[in-house]
Amino acid sequence: MPTDLVGAALPLFVAVPILLAGLLVGVRLPSAGRQAVLVVGLAAHVSASALLLSTVASGPPIVHRVGLWPAELAIPFVADAFGALMLVLTGAMTLICAVFAVASRTADQPFFAPLVLVITAGVSGAVLTGDLFNLFVFVELMLLPSYALVILAHWGLGLRMQLTATRIYVAVNLLTSTLLLVGVGVIYATLGTVNIAALAGRGTESVGGTLGSVIVIAALAIKAGTVPAHGWVVRTYPHMSPAITALFSGLHTKVAVYGLFRFYSVVFDGGREWSGAALAIVAVSMVVAVVGSLGEQHGLAVMSFHLVAQLGFILLGLALYTPAALTAGVFYLVYSTITKTSLFLSLGAVELTYGRRRLGQVSGLLRRDPVTAAVFGAAALSMVGIPPFAGFVAKVALVTAAWDAGAWVAVVVALLVSVLTLVSLLQVWGALFLGEPTADEYAEGTLIPGRLIAPAAVLAIAALALGIGGEPLLQLASHIAAGLIDPAAYVKGVLG
Amino acid sequence: MAIALTIALLFGAGVFMILRRGLLRVIVGFVLLSHAVNLLLVASGGLSRRDAPIGTALDPSTTADPLPQAFVLTAIVIAFAVTVFLLVLSVVGDGDDDTELSLEGRAMELPDLDEDDEIVAFHRAHQPTNWHAYLDRTDDTPDTPDASERRGVR
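Residues numbered from 1 in each chain as written. Chains lettered and ligands numbered in written order. Predicted model: local features only at pLDDT ≥ 70, side-chain atom pairs only at ≥ 80, totals over all residues. Heavy atoms only, no water.

### Concerning the overall build of chain B
Worth spelling out the cut-off: Under the scheme used here, helices are H or I runs from DSSP no shorter than 4 residues and strands are E runs no shorter than 2 residues, and both carry numbers assigned from the N terminus. For each residue, the accessible area found with a 1.4 Å probe, counting protein chains only, is set against the maximum for its type, and the residue is called buried under 20%, exposed over 50%, and partly exposed in between. Working rule for contacts: check all heavy atoms of both residues, and any pair within 4.5 Å makes them a contact.
Tallying secondary structure elements over chain B gives five helices and zero strands in all. Counting from the amino terminus, helix and strand elements in chain B follow one another as α-α-α-α-α. Within chain B, buried positions represent 40% of all 154 residues. If you take every contact in chain B between residues at least 6 apart in sequence, the share linking residues at least 24 apart comes to 46%.

Encoded structure:
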């Protein structure tokens with residue numbers, strides 16, 4: 001297909017989900033109809049994203065200047081390999097979580113389907129836009145329906161918990177968005193543009209530009225949930241419905257991480273003299289979060305801490321900023337999103353079925369629900385980094401890159417955190433799956449329905465497939481890393 | 001200089017209010033903060049050029065930069081929407097706007113996973129015992145206002 005035509009279709013990734021959402025609100029469909037529109041629409045979204053990825057995977061970025069304005073005035077949509085990969089990844093996670101939500105009846109809420117579609121539009125816009133201010137707008141577009149979902153899609157946790165979690169969630173995100181806007185304002189005031197390509201390499205140009213860039217990076221880091229601003233993640237994520245927790249873990253923090261990768265490499269030029277501070281923050285994130293996970297008593301809370309710890313690994317690749325490290329970081333981003341979502345979904349299936357949150361209240365699942373045990377075990381091994389799962393490939397690539405970069409502290413921290421991750425996951429494994437089966441008087445045999453564990457199983461298999469056949473993704477990640485370090489093709493595509 | 005001082009004052013007041021306990025005060029803090037950011041965005045386009053950017057014969061040295069104004073319009077809409085949502089959050093739940101966990105919990109029903117399955121019976125018999133917002137609550141404590149008071153949770 002001619003790239004002009006593909007380019008002109010880029011805004012559809014945002015427009016179609018929003019129109020579908022409006023249609024679902026305006027036209028009263030029965031619950032099954034809404035869910036069918038949601039799942040089919042998301043499947044079409046993922047298919048289109050995959051087509052886009054295959055088009056741009058090795059070629060130059062596809063750019064569309066909305067309204068066909070001249071390059072220096074237009075607000076561009078840019079689909080390079082990184083953006084398209086993120087589009088596929090986030091779309092696939094949304095689809096899987098939507099299927100889980102349908103299976104767990106979370107999607108019965110009348111507004112569930114439209115809200116998820118608007119989130120999809122926001123995420124697509126955020127990964128495709130080439131404009132800093134539009135990044136802010138699309139992140140807000142992603143967050144506004146999320147606020148409603150936190151309230152709507154509760155799970156038997158009481159009004160009190162719903163409200164408290166939502167209050168923290170909304171307040172932190174509003175504050176962070178304000179911060180992001182301040183950064184964008186300072187950048188516009190000092191550098192005179194908010195076009196990411198036009199800003200390439202200029203983030204450290206003047207005092208004002210550095211200040212604005214650091215504020216933007218800080219805002220994105222808070223949205224990603226790095227220490228010391230990780231509290232809101234671990235305080236709110238466990239309180240949502242498992243389908244929503246999994247969805248948010250696969251989308252929100254990852255979009256922030258994508259923004260960090262893009263901004264830090266293209267605009268901030270890889271940090272330069274700031275890289276020491278970045279490495280310190282990342283290392284502290286990993287250690288603090290994994291130690292926090294050891295003290296948690298609830299499955300989803302443990303996983304929320306691991307979410308923060310894994311973000312540390314992903315951002316370690318960015319902080320080191322060598323081609324090998326960035327490759328490992330991008331690979332880690334993909335693998336950890338898949339693995340993490342699988343873990344959230346399998347734990348969610350257990351919680352929804354047994355109605356228990358605290359570790360130790362449910363035990364002996366290995367005998368009763370062996371499939372669930374296998375799915376959780378596979379995803380857990382993948383997260384720790386045991387071959388043949390994808391985690392092994394990702395961690396070897398990352399640790400090797402850190403060693404080559406001479407960052408032996410990062411190597412030690414990564415290995416230590418991996419061991420502590422194993423300890424923490426063994427705690428969960430022991431509490432849930434070993435021991436005597438609980439509540440024998442109520443049922444015999446398997447309790448967790450197949451359709452609840454199927455989404456997590458698909459993702460666990462994907463983690464295994466990425467571990468055995470990860471070479472194509474590694475090559476793609478390497479191509480992406482080269483594009484991040486030398487964004488000449490990106491800049492040329494946008495500015496012409 | 002005046003605009004810088006105004007922005008600084010609004011930021012200071014906003015941060016002060018956000019650090020208060022009640023959610024309503026926090027919301028007022030957010031309103032002040034968003035005003036500060038809007039002023040900052042307007043100032044980012046330069047304040048000396050004030051002619052309306054309409055028409056064809058425009059002098060770049062006197063015409064205002066329209067881009068920051070578009071930024072501000074967008075930012076106002078978003079901040080307004082989220083503020084209204086926060087206000088709703090502050091009034092639901094026994095009319096208590098405190099950010100402490102002092103709302104009376106109301107048990108929500110579990111979604112039925114399988115209507116014609118014994119899981120339903122299992123659910124009914126085994127409602128989650130941990131309703132509490134804090135995860136560290138012991139699970140055998142019945143979730144009644146009395147019990148919350150006994151445990152010292154307001």
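### Side note on the nonpolar core
All names here are of chain A. As a reminder of what qualifies: Here, nonpolar core refers to any group of buried Ala, Val, Leu, Ile, Met, Phe, Trp, Tyr and Cys residues whose side-chain atoms link them within 4.5 Å.
F248 and F261 are the most contacted members of the largest nonpolar core, which has 210 residues in total. With 18 residues, helix α13 (residues 323-354) is the largest single contributor of residues to this core. With sequence-adjacent residues up to four places away left out, F261 is seen in contact with F82, I314, L315, L318, L326, G329, V330 and L484.

### Observations concerning the layout of surface pockets
One way to see where empty space is left: roll a probe the size of a water molecule over the atoms. The criterion, for reference: Cavity means a closed set of points on a 1 Å grid over the protein atoms alone, one where a 1.4 Å probe fits but cannot get out, pocket means an open set with protein on both sides within 12 Å along at least 5 of 7 lines, and lining means a residue has an atom within 4 Å of a point. Grid points are joined across faces, edges and corners, and a volume is the space filled by probe spheres set on the points. Basically, the charged four are Asp, Glu, Lys and Arg, the nonpolar ten are Ala, Val, Leu, Ile, Met, Phe, Trp, Tyr, Cys and Pro, and anything else, Gly included, counts as polar.
Each pocket or cavity is described by its volume, and for the largest pocket that value is around 510 Å³. Contributing to the lining of the largest pocket are 20 residues, with A:E72, A:L73, A:A74, A:I75 and B:L67 lying nearest its centre. Elements supplying a minimum of two residues to the lining of the largest pocket: α6 (132-152) of chain A together with α3 (66-91) of chain B. Taken together, the residues that form the lining of the largest pocket break down as 12 nonpolar, five polar and three charged.

### Considering empty space enclosed by the protein
Evaluation of the coordinates by the stated rule reveals six cavities of 30 Å³ or more. What the largest cavity holds in volume is close to 100 Å³. Of all the elements in the fold, those that place two or more residues in the lining of the largest cavity are α6 and α7 (158-191) of chain A together with α2 (23-44) and α3 of chain B. Among the elements that take part in the lining of the largest cavity, α7(A) stands out by supplying four residues, more than any other. Of the residues assigned to the lining of the largest cavity, the class counts are seven nonpolar, four polar and one charged.

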